[in-house]
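# Structural features, examined
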Amino acid sequence: QVQLVESGGGLVQAGGSLRLSCAASGGAFSTWLMGWFRQAPGKEREFVAAISRSGGMTYYANYANSVQGRFTISRDDAKKTVYLQMNSLKPEDTAVYYCAAGPQGLSLAQEQTQYSYWGQGTQVTVSS
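In this text the structure is predicted, and so the values were computed from the model without any measurement.

Attention shifts here to the overall build of the protein chain. From N to C terminus, the protein chain includes 0 helices and 11 strands. Secondary structure elements of the protein chain occur, N-terminal to C-terminal, as β-β-β-β-β-β-β-β-β-β-β. The C-alpha atoms of the protein chain give 13 Å as radius of gyration, which agrees with the globular expectation for 128 residues (14 Å, within 12%). Each of the three principal axes of the protein chain carries a C-alpha extent, and together these read 40 × 25 × 25 Å. Within the protein chain, contacts between residues separated by at least 24 positions form 60% of all contacts whose residues are at least 6 apart in sequence. Surface accessibility of the protein chain: about 6300 Å² in total, with carbon and sulfur atoms responsible for 47%. Taken together, the 10 basic and 8 acidic charged side chains of the protein chain have centroids lying 4 Å from each other.

It is worth spelling out the side chain of Ser52 at this point. Locating Ser52 in the fold gives a position in the loop between strand S5 (46–51) and strand S6 (58–60). You can call Ser52 buried: its relative accessible area is 6%.

What counts, and where the lines are drawn
Residues numbered from 1 in each chain as written. Predicted model: local features only at pLDDT ≥ 70, side-chain atom pairs only at ≥ 80, totals over all residues. Heavy atoms only, no water. Helix = DSSP H or I, 4+ residues; strand = E, 2+ residues; numbered from the N terminus. Rg over C-alpha atoms; globule rule 2.2 N^0.38 Å. Contact = heavy atoms within 4.5 Å. Areas by Shrake-Rupley, 256 points an atom, 1.4 Å probe, with all protein chains shown as cover. Lys, Arg positive; Asp, Glu negative; His and termini not counted. Charge placed at Lys NZ, Arg CZ, Asp CG, Glu CD. Buried < 20%, exposed > 50% of the residue type's maximum accessible area, 1.4 Å probe, protein only.

Quick look at the structure:
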């Protein structure tokens, strides 16, 4: 049974930083594409970032108030953990953040239906 567990969320002031972690167990972590998604109250879940199986390629969301340039995704296969470093946080970043794993490549990273496993989520709240 594959399990993903997120941690590192919390309350932070605007402009601050947080690092989220997602620890995996029960699967071949090094073969998975790993992604981060988020969901704010009353809104649909949206893509944030993804990192390739090799760890050499990353992909970030490109929408209004884009996370690109502020967030960095990374992975440590030895620890079976993926990270999301979040800097210059804004109130609109407030959401539950989920990590996900799947067999697809980066070309499909934004499509949440392509991910096979999901964590329970960790709450990130950014105050103004």
